[in-house]
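Chain by chain, the residues run as shown.
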Amino acid sequence: MPDNTIRENIQNLLNDLGARQASFVVLAGKDIGKIYELRAEPMVIGRDPECAVFVDDDQVSREHARVVREDAGFIVYDLNSTNGTLVNGKAVKEHVLQDGDRLQIGSSTVFKFNFQDELESTFNEELYNSANRDFLTQTYNKKYLMDRLRMEFSFAKRHNTKLALVMFDIDHFKEVNDKYGHLIGDEVLKRVCQRISQVKREEDVFARFGGEEFVILAREGDSNTSYLMAEKMRKVIAEKPFKIDGKSVSTTISLGVSSLDTCNVNNIDEFLAHVDNQLYRAKREGRNRTCR
């Protein structure tokens, strides 16, 4: 049989990958696949959200271990943690990390220390995104949101800091699907999320909650600043239609805002119920508006 293989100058993907970067990859725990690049400055691993490597586990000390780059390489030091630091199954006080070492912190989180090239780093990043992001909109998924919300709510309650939620959905979205079809409806969802991403703060968690309903988790957000942000989101969607496949598709969003400085809630379920009530009040009062 004839060989129909196309002849072409094939680029060698294994050359020119650049220097290999020392990294931790989460093998087990809540953030499987997440990569932490190790730099010259020390990095603290712990339960405090301010740590460079945050581990949401009650069996992890607030500042559990420190990784330092020294002449011998990257060294992990246990910081007198309550439950200890394990490398390859053995408790250590300090250990020079070798490529492939597995570092356990707490009951369920395991990091793999290795040196990654660009190809490996891209692969792990795609794995992480596939586990934590919504495929269509590339916002975070509900599981990721709930994990972050538990952590941020607990931190805010312990330290009496600010935290806010903005919940929105697209007004009359079923009519968009019925009029233009689901392919254009999907494109509207993506375009809405792109515009919202341009307005929200970089540090805010933007997640798809379900269907055409989305949530922004705003750390250090209070009632006034979060309301102003929500109004910017509302206006950036309503100000001009989307041009899709030669069609002009106009839409609006309704938003609810809740913040710990103005609502008395005891857990994340109550927090979500409160912001959900504000969203549906906005819809009852005429849509294309923000309620708090």
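The structure under discussion appears in the preceding block.
Residues numbered from 1 in each chain as written. Predicted model: local features only at pLDDT ≥ 70, side-chain atom pairs only at ≥ 80, totals over all residues. Heavy atoms only, no water.

Looking only at helices and strands, one finds six helices and 18 strands in the protein. Its C-alpha atoms put the protein at 70 × 65 × 30 Å along the principal axes. For the protein, the proportion of its 292 residues judged to be buried stands at 46%. Nonlocal contacts in the protein, meaning residues at least 24 apart in sequence, comprise 58% of its contacts between residues at least 6 apart. With an accessible surface of roughly 16,100 Å², the protein has 47% of that area assigned to carbon and sulfur atoms. Of the side-chain charges in the protein, 42 are positive and 47 negative, and the distance between the mean point of each set is 5 Å. (Helix = DSSP H or I, 4+ residues; strand = E, 2+ residues; numbered from the N terminus. Buried < 20%, exposed > 50% of the residue type's maximum accessible area, 1.4 Å probe, protein only. Contact = heavy atoms within 4.5 Å. Areas by Shrake-Rupley, 256 points an atom, 1.4 Å probe, with all protein chains shown as cover. Lys, Arg positive; Asp, Glu negative; His and termini not counted. Charge placed at Lys NZ, Arg CZ, Asp CG, Glu CD.)

Here we come to the sheet that holds strand β10 (residues 102–105). Note: strands within a sheet are paired through backbone hydrogen bonds, in either parallel or antiparallel orientation. Spatially, the six strands line up as an open sheet ordered β2-β1-β11-β10-β7-β8, and their pairing is antiparallel. In this open sheet, the two strands that pair with only one neighbour each are β2 (35–37) and β8 (90–92). Strand-to-strand twist of the sheet, defined as the mean angle between neighbouring strand axes without regard to direction, takes the value 30°. Alignment of strand β7 (residues 85–87) against β10, held across three bridges, turns out to be antiparallel. In the sheet register, valine 87 faces β10, and the bridge partner there is leucine 103. Contacts between helix α1 (residues 118–132) and the sheet are confined to β1 (21–28), β2 and β11 (109–116), with β11 contributing the most and set at about 150° to the helix. (Pairing = 2+ DSSP bridges. Axes fitted to C-alpha atoms, helices over the stretch in contact; angles between N-to-C directions.)

To continue, consider the pairing of strand β12 (residues 163–170). Of all the eight residues making up β12, eight are buried; the element is thus mostly covered by neighbouring parts of the structure. Covered by surrounding structure in β12 are Leu163, Leu165, Met167 and Asp169 together with Ala164, Val166, Phe168 and Ile170, the residues of both alternating faces. When β12 meets strand β14 (residues 213–219), the two strands line up antiparallel, connected through seven bridges. Bridge pairing in β14 places phenylalanine 168 opposite phenylalanine 214. The pairing of β12 with strand β17 (residues 253–259) spans seven bridges and is classified as antiparallel.

Taken in spatial order, the five strands make up an open sheet running β4-β3-β5-β6-β9, and their pairing is mixed. Strands at the two margins of the open sheet, each flanked by one partner only, are β4 (53–54) and β9 (94–96). The pairing of strand β6 (residues 73–78) with β9 spans three bridges and is antiparallel. Note that in β9 the partner of tyrosine 77 across the bridge is glutamate 94.

Angle between the axes and distance between the axes are the two parameters that describe a pair of packed helices. Orientation of helix α4 (residues 182–199) relative to helix α5 (residues 223–238), taken along the N-to-C sense of each, is 140°, at an axis distance of 9 Å. Classed by the angle they form, the pair α4 and α5 counts as oblique. Read as a crossing pair, α4 and α5 show a hand that is right-handed. Contacts from Val192, Arg195, Ile196 and Val199 of α4 reach α5 at Met229, Lys232, Met233, Val236 and Ile237. Its residues assigned to classes, the contact of α4 with α5 comprises seven nonpolar, no polar and two charged. (Parallel < 35°, antiparallel > 145°, perpendicular 65-115°, else oblique. Left-handed = near helix turned anticlockwise from the far one by under 90°. Nonpolar A, V, L, I, M, F, W, Y, C, P; charged D, E, K, R; others polar.)

For any pair of aromatic rings, the description consists of the separation of the ring centres together with the inter-plane angle of the planes. Summed over all chains, the structure comprises 10 aromatic pairs. Consider the rings of phenylalanine 153 and phenylalanine 271, whose centres lie 5.8 Å apart with planes at 50°: the pair is tilted. Separated by 118 residues along the polypeptide, phenylalanine 153 in helix α2 (residues 142–159) and phenylalanine 271 in helix α6 (residues 268–284) bring together distant segments of the chain. Note on accessibility: phenylalanine 153 and phenylalanine 271 belong to one class, buried. Between phenylalanine 168 and phenylalanine 214 the ring centres are 5.3 Å apart and the planes differ by 20°, which places this aromatic pair in the stacked class. (Phe/Tyr/Trp six-rings, centres within 6.5 Å; stacked < 30°, edge-to-face > 60°.)

Glancing now at the nonpolar core. By size, the foremost hydrophobic cluster in this structure holds 28 residues, and its most contacted members are Phe168, Val188, Val192, Ile196, Ile216, Met233 and Ile253. With seven residues, α4 is the single largest residue contributor to this core. Ignoring sequence-local partners within four residues, the contact set of isoleucine 196 consists of Phe168, Phe206, Ile216, Met233, Ile237 and Ile253. Counting 24 residues, the second-largest nonpolar core is a separate cluster that includes Leu163, Leu165, Leu217 and Phe271. (Core = buried A, V, L, I, M, F, W, Y, C linked by side-chain atoms within 4.5 Å.)

Here helix α3 (residues 173–180) crosses α4 at 140°, and the two axes come no closer than 7 Å. Between α3 and α4, the angle falls in the class oblique. Note on element contacts: α4 touches α3 through His182, Ile184, Gly185, Val188 and Leu189, opposite Phe173, Val176, Asn177 and Tyr180. The class makeup of the residues in the contact of α3 with α4 is six nonpolar, three polar and no charged.

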